[in-house]
Structures are given as structure tokens and as C-alpha cells.
Amino acid sequence: MSVKAMKTVKKFFSQYRQAWVLLYVFIYFPWFFWLERHVTIGTPFTNIHIAFDDLIPFCEYFVIPYFFWFFFVAGSVAFFLFRRPKSEFYRMTAFLFIGMTICLAICTLFPNGQTMRPPVNPEKNMFSRWIVALYKTDTSTNVFPSIHVFASLGVNLAWWNSEISKQHRWIRPVSTVTAVSICLSTVFLKQHSVLDGLGAVVLTIVLYFLIYQWEFTREFFRSGTTKSRTRRPRRVYSFKRKM
């Protein structure tokens, strides 16, 4: 790296010191690609599938919100880095990175995948060609919980809990519609089972209360502990024989 480039990097981190958390990518991507190489269709894994998955039709047009996920997540993280207070950026990245780490850990300890992908004719239309390219580059393993669904919900929560959404009311509905369409795309493209999405929803709820509602969660458990300690002792009756 040249001296000029080093100065640019140093200036960037001195101005945006909170950007150090983005070094997480050097943990996430090596781990993710290791899983992609070692958990494949040719290796043993648990097939994630329920009967409801078969009722959902394949729809190639959902490839648009599926690919838009990359812009939605990366763009939102960049916006919170450059334009929002550090506290909002830290909460957003803590939510995303902790959750994504949990997803990778589950896939490591519990190899999983799905076999629902249908044959797609690339000559049908432009969207079908995109799906064929997607199927070639993205394996159908390491699907539970769905990182696509989890990150979409996490970014949506970040927007909902940001002060900027109170100033610009259009942000919340737009963010929600985007997140929901991305979540739907995972099942309509047969990239994920409904179970993968449900797993991501459960993880989202847990981390929401731990990160965005930490005070409420702490008080909830504290009050429960206090009640159990201050519970009135059971009255003991003694009977004496009358003389």
C-alpha cells in the first residue's frame, strides 16, 4: 500500500472511528466461504423442508428484491456510518454482526441445506437468466436461519428505531415494504424454506430485546428475580392440645 493510500485510510478512521467494527467482514467472509466449500450437496446435511414450502409457487420476478438485499443492507450500514449518531450505528452493527455470527455458528454445528430448487430455463426471460446465475454462484446449503431474512429485518429495525424516521415518516413504510419483499423472495425463489425464515424471525426477536430494548429486558428479569426473593413465606400453623 502506498504512503498516500495509508494516509487516506488513517484519515478515514480518524474521522469515523466507529468504522472499526466493519473489520468484522474479515471474520464473516472467510467463515462463510469455508462453509460454502465444506457443506455442499455432496456432503451430509439436514434437509430443511416442510409441507407448506410445496404450496409456495416459484416466481422468477422475486429475483429483483432478492438482489436488492445487497444494496439495502450495505447502503443502510453506510448511511448510518456517515450520517447517523455513533450510538445508532453501533446498535445496528451489533444487531447484525451478532446475529450473523449466530447464523454461521448454527450452520457450522448443524450442517443444513435444502433441495427445492426447480429447473429454470434461462431463455425464458432476463429474470430467469439472473436466477440461473444465482444458483450457480450460491449453494443451496447453510440456509438455517436465513441470513437474508435476518439482515433485512435487522436493517428495518434500525430504521424504525432511528430518530430520522420520526422526522421523515415515509422511511418506516418504505423500509418495511423493502424488508418484507426481500423475505418473501427467499421462498418464492426456492432459496429458503419457510423454516429458515421463521428461525431468522425468532433470532431477530431475541436480539431486538437484548439490543434495542435492553433496559426493558433488564428490568423485566430484575423484577422477576426480586419478586421471587421477596415472596412471602408460607404461614405455618401449629396446633396445641387444649388442657
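It should be emphasised that the depicted structure is a prediction, and the values quoted were computed from it without experimental measurement.

1. Comments concerning helix H8 (residues 171–188)
Then comes step 1: The end-to-end C-alpha separation of H8 is 26 Å, in line with the 26 Å expected for 18 residues at 1.5 Å each.
Then comes step 2: When we look at burial in H8, the residues that qualify are Ile171, Ser175, Thr178, Ala179, Ile182, Cys183, Ser185, Thr186 and Val187.
Then comes step 3: Next to the buried residues of H8 lie helix H3 (63–83), helix H6 (147–160), helix H7 (164–167) and helix H9 (194–212).
Then comes step 4: With its phi angle positive at about 60°, Lys190 sits one or two positions after the end of H8.

2. Digging into the nonpolar core
One broad trend across soluble globular proteins is that nonpolar side chains are buried collectively.
Then comes step 1: Formed by 41 residues in total, the largest nonpolar core has its most connected members in Met92, Phe95, Leu96 and Met100.
Then comes step 2: Tallying contributions element by element places helix H4 (residues 86–109) first for this core, with nine residues.
Then comes step 3: Not counting chain neighbours up to four residues away, the residues in contact with Leu96 comprise Val77, Phe150, Ala151, Gly154 and Val155.
Then comes step 4: Residues Val63, Phe127, Leu134 and Tyr135 belong to the second largest nonpolar core, which totals nine residues.

3. Description of the packing of aromatic side chains
Working definition: an aromatic ring pair is given by the centre-to-centre distance plus the angle between the planes.
Then comes step 1: Using the criterion set out here, one finds 25 aromatic pairs in the structure.
Then comes step 2: Counting every residue linked through ring pairs, the aromatic cluster contains Tyr24, Tyr28, Phe29, Phe32, Phe33 and Phe97.

4. Brief notes about empty space enclosed by the protein
Then comes step 1: Overall, the coordinates contain one cavity of 30 Å³ or more when judged by the stated rule.
Then comes step 2: In this structure, the largest cavity encloses a volume near 50 Å³.
Then comes step 3: In this structure, the largest cavity is lined by Phe32, Leu35, Cys103, Leu104, Cys107, Asn142, Pro145 and Ile147.
Then comes step 4: Of all the secondary structure elements, the ones that give two or more residues to the lining of the largest cavity are helix H2 (25–38) and H4.
Then comes step 5: No other element matches H4, which puts three residues into the lining of the largest cavity.

5. A few points about the packing of H3 against H4
Then comes step 1: Running from N to C, H3 and H4 cross one another at 150°; their axes reach a closest spacing of 8 Å. Compared by their axis directions, H3 and H4 come out roughly antiparallel. In this structure, H3 meets H4 at a crossing whose hand is left-handed. Across from Ser76, Val77, Phe80 and Leu81 in H3, the residues of H4 making contact are Glu88, Phe89, Met92 and Leu96.
Then comes step 2: Here the contact of H3 with H4 is built from residues that sort into six nonpolar, one polar and one charged.

6. Notes on the side chain of Arg84
Then comes step 1: Examined against the element boundaries, Arg84 turns out to sit in the loop between H3 and H4.
Then comes step 2: Looking at Arg84, the relative accessible area reads 16%, which means it is buried.
Then comes step 3: Separated by 3.0 Å, the side chains of Arg84 and Glu88 make a polar contact.
Then comes step 4: Side chain to side chain, Arg84 and Ser162 meet in a polar contact 3.3 Å long.
Then comes step 5: In this structure, Arg84 is in contact with Phe79, Ser162, Glu163 and Ile164, ignoring residues within four places of it in sequence.

7. With respect to the layout of surface pockets
Then comes step 1: The calculated volume of the largest pocket comes to roughly 830 Å³.
Then comes step 2: What lines the largest pocket is a set of 32 residues, and nearest its centre among them are Tyr28, Phe29, Trp69, Phe70 and Ile147.
Then comes step 3: Secondary structure elements with two or more residues in the lining of the largest pocket: H2, H3, H4, helix H5 (126–137) and H6.
Then comes step 4: If you tally residues by element for the lining of the largest pocket, the top one is H3, at seven residues.
Then comes step 5: Here the lining of the largest pocket is built from residues that sort into 22 nonpolar, eight polar and two charged.
Then comes step 6: Here the second largest pocket defines a volume of roughly 210 Å³.
Then comes step 7: Every residue lining the second largest pocket is counted, 13 residues in all, and those nearest its centre are Cys183, Leu184, Val187, Val194 and Gly197.

Calculation notes
- Residues numbered from 1 in each chain as written.
- Predicted model: local features only at pLDDT ≥ 70, side-chain atom pairs only at ≥ 80, totals over all residues.
- Heavy atoms only, no water.
- Helix = DSSP H or I, 4+ residues; strand = E, 2+ residues; numbered from the N terminus.
- Expected span 1.5 Å × (residues − 1).
- Buried < 20%, exposed > 50% of the residue type's maximum accessible area, 1.4 Å probe, protein only.
- Contact = heavy atoms within 4.5 Å.
- Core = buried A, V, L, I, M, F, W, Y, C linked by side-chain atoms within 4.5 Å.
- Phe/Tyr/Trp six-rings, centres within 6.5 Å; stacked < 30°, edge-to-face > 60°.
- 1 Å grid on protein atoms, 1.4 Å probe; cavity = no way out; pocket = protein on both sides within 12 Å on 5 of 7 lines; lining within 4 Å.
- Points joined across faces, edges and corners; volume = space filled by probe spheres on them.
- Axes fitted to C-alpha atoms, helices over the stretch in contact; angles between N-to-C directions.
- Parallel < 35°, antiparallel > 145°, perpendicular 65-115°, else oblique.
- Left-handed = near helix turned anticlockwise from the far one by under 90°.
- Nonpolar A, V, L, I, M, F, W, Y, C, P; charged D, E, K, R; others polar.
- Polar contact = N/O pair within 3.5 Å; in protein donor to acceptor, adjacent residues only side chain to side chain.

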